[in-house]
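# Observations on the three-dimensional arrangement
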Amino acid sequence: MIVLLTHPDGSHAKQWWKELISQAQYSVVYFYPKDSTPGCTIEAHDFSSLKADFDILWCQIIGISKDSVSSHQKFINKECITFPLITDDTLEAHNQFNV
């Protein structure tokens, strides 16, 4: 499944998504409602703290929400998130994953 998501530089890039997914043997793709909310921040911190364990298993973590690229960048920088956060402002991925 290839979905159209927003690259961190703001462009829509199917090829980038395909490359991101192919970087690891496994991927954990999780959806969350909003950057910088208490529950989502805890979840992102938990995934970040376990990233080394996932890396050993050749498993990458990818977070997806409807928030903007700039919101993701602020969240990543403020909370030291160690994995990519993807913007799905068209809800295409949300719909394809039945979220």
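Residues numbered from 1 in each chain as written. Predicted model: local features only at pLDDT ≥ 70, side-chain atom pairs only at ≥ 80, totals over all residues. Heavy atoms only, no water.

### Considerations on the nonpolar core
Keep this limit in mind: As used here, the term nonpolar core means buried Ala, Val, Leu, Ile, Met, Phe, Trp, Tyr and Cys residues forming a set that is joined through side-chain atoms within 4.5 Å. Only protein chains enter the accessibility calculation, which uses a 1.4 Å probe. A residue is then buried if its area is under 20% of the maximum for its type, exposed if over 50%, and partly exposed in between. For helices the rule is a DSSP run of H or I covering at least 4 residues; for strands it is a run of E covering at least 2, with both sets numbered from the N terminus onward. Only heavy atoms matter for contacts: two residues are in contact if any of them lie within 4.5 Å across the pair.
Of all hydrophobic cores here, the largest spans 13 residues; its most connected members are Tyr-30, Phe-83 and Leu-85. Every element with two or more residues in this core is listed here: helix H2 (38-49), strand S2 (59-65) and helix H4 (69-79). Top element by residues in this core is H2. It accounts for three residues. In contact with Tyr-30, not counting residues within four places along its chain, are Glu-43, Ala-44, Phe-47, Ile-61, Ile-62, Gly-63, Ile-64, Phe-83 and Leu-85. Among the nonpolar cores identified, the runner-up in size contains five residues, and Phe-31, Ile-62, Ile-64 and Ile-86 belong to it.

### Considering the confidence of the model for the protein chain
This is how the line gets drawn: Per residue, pLDDT captures the predictor's confidence, and it can take any value from 0 to 100.
On average, residues of the protein chain score 82 in pLDDT, and 76% of them reach the 70 mark or higher. By mean pLDDT, helix H1 (residues 14-22) is the weakest element of the protein chain at 61, and H2 is the strongest at 97.

### Focus on H4
This is how it is decided: The arc in question is the one spanned by the directions pointing from the helix axis to the C-beta atoms.
Along H4, the residues classified as buried are Val-69, His-72, Phe-75, Ile-76 and Glu-79. Considered in projection along H4, the buried side chains sweep an arc of 125° and stay on one side of the axis. The outward face of H4, more than 90 degrees from its buried face, is lined by the exposed residues Lys-74, Asn-77 and Lys-78. Against H2, S2 and strand S3 (85-87) lie the buried residues of H4. Positive phi shows up at Cys-80, right after H4, with a value of about 55°.

### Some thoughts on the environment of Phe-75
Within the element layout of this structure, Phe-75 appears in helix H4. When the C-alpha positions of Phe-75 and Ser-36 are compared, they lie 6.1 Å apart, and in sequence the two are 39 residues distant. Contact partners of Phe-75, with chain neighbours within four places excluded, come to Tyr-32, Asp-35, Ser-36, Cys-40, Thr-41, Ala-44, Cys-80, Ile-81 and Leu-85.

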